[in-house]
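Observations on the three-dimensional arrangement
Now for the letters of each chain:
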Amino acid sequence: MASPHLRQRFEILQTAIAAKDPAGVASALEAIETELQGADPLTRAAAYAEVQLLRGRPLEAAEVLDDVLGVIGDDARVHHQIAAYREQGDDLDGALRSYERANAADPMFTEAWVARGVLLDRRGDVAEALGCYRSAMLSDPQHVDTWRNMGNCLAAQRKYDEAASAYDTALGLAVGDQTIAFLRASAHAAKGDLQTADRLMTEALREELGRPCEERMGDAVCRFFAPAPAEAERRANAKALLESLDALPQGVYVEAVDGVRYVCDPDPVTPDRPHRFLDASTAVSRG
C-alpha cells in the first residue's frame with residue numbers, strides 16, 4: 001500500500017504525463033525515487049509498476065511484477081495484480097493465466113475467482129465463468145459480486161429461474177442495489193413473466209427505464225422496457241421490427257429459443273452475441 005506522500009507523487013506524475021510536460025515528469029519521477037529510498041523490495045517494485053501503468057504501459061507494469069515473483073516466489077495478490085495489468089493491456093490470455101496462478105496460490109482468494117469469471121464471461125466462455133463463480137461462492141458465500149455475476153452467467157445460458165434466484169441472494173446481501181434489482185426484473189421478463197418483472201421494478205427504475213413490455217407477431221416476440229411517455233412510440237417501433245425480420249437494422253439480433261424468435265439487442269458483455277435477457281430496449285428506442 002503506497003503511503004499518502006507516495007500516492008501524491010503518483011498523482012503529480014499522472015498530471016505531468018497528461019500535460020505532456022517532460023520536465024514535470026522527470027521531477028515527479030525523481031520525487032518518487034526519493035520517496036522509495038529505504039522501502040522494501042516489493043513496495044519498490046509495486047511503485048515502479050505503477051509508474052509504468054501511469055505512462056500507459058500496463059504490460060510493462062506486469063513485467064515488473066513478474067520479475068518480483070521470480071525472486072519472492074508465488075504470491076496470490078501479486079499474480080492478481082499482474083492479471084489486472086495484463087487485462088488492461090488487452091493480453092487476455094496472459095491475464096487468465098495470471099488469475100489462474102493467483103487461485104492456485106490461494107484457492108480462497110475470492111476477488112481473483114470473480115475477476116477471472118468476469119474475463120471468461122467477456123470472452124464468451126460462460127460455463128467456465130460459472131465454475132469460477134461457484135469457487136468464489138465457496139470461498140466467500142457473502143460476496144455480492146459473486147452472486148450477481150453468477151446470475152449473469154446463468155442468464156447467458158438461458159437459465160432464467162436460476163439467474164433470478166442468484167439475483168435474489170445478491171439483493172439480500174446488498175439491499176437497495178438498483179443494478180441488481182434491474183437484473184432480477186430482467187430475468188423474470190426474459191422468461192415471459194412480465195407481471196412479476198414489473199412488480200420487482202423499483203419506482204426509481206420504473207421512472208428511469210420504464211416497465212417491461214412485449215409485442216408479438218406470430219412466433220416472433222419483441223420485449224423491451226419503456227417509460228410511460230414513450231411506450232406507445234416504442235410499441236410501434238417494436239411492431240415495425242417484427243414486420244421486417246428479414247431486413248433488421250445492423251446490430252439487431254433474432255434469437256430462436258424453444259421455437260420462439262426474439263428480436264433483441266447485442267449482449268452488453270459480449271456484443272457479438274444476442275442479449276442474454278433477449279431485451280430489445282435499445283432497438284425500439286431508435287425506431
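Report on the accompanying structure.

Analysis parameters
Residues numbered from 1 in each chain as written. Predicted model: local features only at pLDDT ≥ 70, side-chain atom pairs only at ≥ 80, totals over all residues. Heavy atoms only, no water. Buried < 20%, exposed > 50% of the residue type's maximum accessible area, 1.4 Å probe, protein only. Helix = DSSP H or I, 4+ residues; strand = E, 2+ residues; numbered from the N terminus. Pairing = 2+ DSSP bridges. Disulfide = S-S within 2.5 Å. Core = buried A, V, L, I, M, F, W, Y, C linked by side-chain atoms within 4.5 Å. Contact = heavy atoms within 4.5 Å.

1. Some details on the pairing of strand 2 (residues 220–226)
A large share of strand 2 lies buried, amounting to 7 of its 7 residues. Alternating positions in strand 2 separate into two faces, Ala220, Cys222, Phe224 and Ala226 on one and Val221, Arg223 and Phe225 on the other, with burial throughout. By the bridge criterion, 7 bridges tie strand 1 (residues 211–217) to strand 2 in an arrangement that is antiparallel. Its bridge partner being in strand 2, Met217 is matched across the sheet by Ala220. Once strand 1 ends, the chain turns through 2 residues before running back antiparallel as strand 2, passing Gly218 with a positive phi of about 65 degrees.

2. What about the state of the cysteines?
With the rule as written, the count across this model stands at 0 disulfides. Left without a disulfide partner, Cys153 is nearest to the cysteine sulfur of Cys132, which lies 8.9 Å away. You can call Cys153 buried: its relative accessible area is 0%. You can see Cys222 has no disulfide; the closest cysteine sulfur is in Cys264, sitting 8.8 Å from it.

3. Some thoughts on unusual backbone geometry
Positive phi values are uncommon outside glycine, yet Asp90 reaches one of about 65 degrees. Within the element layout of this structure, Asp90 appears in the loop between helix 5 (76–88) and helix 6 (92–105). For Asp258, which is not glycine, the phi dihedral falls at a positive 50 degrees. Summarising the element assignment, Asp258 is placed in the loop between strand 3 (253–257) and strand 4 (260–264).

4. A look at the environment of Met108
Here Met108 is to be found in the loop between helix 6 and helix 7 (110–122). On the accessibility criterion, Met108 (52% relative accessible area) is exposed. The sequence separation of Met108 and Ser135 amounts to 27 residues, and the corresponding C-alpha distance is 8.3 Å.

5. Some details on the nonpolar core
Ranked by size, the top nonpolar core spans 48 residues in total, and within it Tyr167 and Phe277 carry the most contacts. Residues in contact with Tyr167, not counting those within four places in the same chain, are Arg148, Gly151, Asn152, Ala155, Ile180, Leu183, Arg184, Ala187 and Phe277. One finds Ala220, Ala238, Leu241 and Ala280 within the second-largest nonpolar core, a separate group that totals 15 residues.

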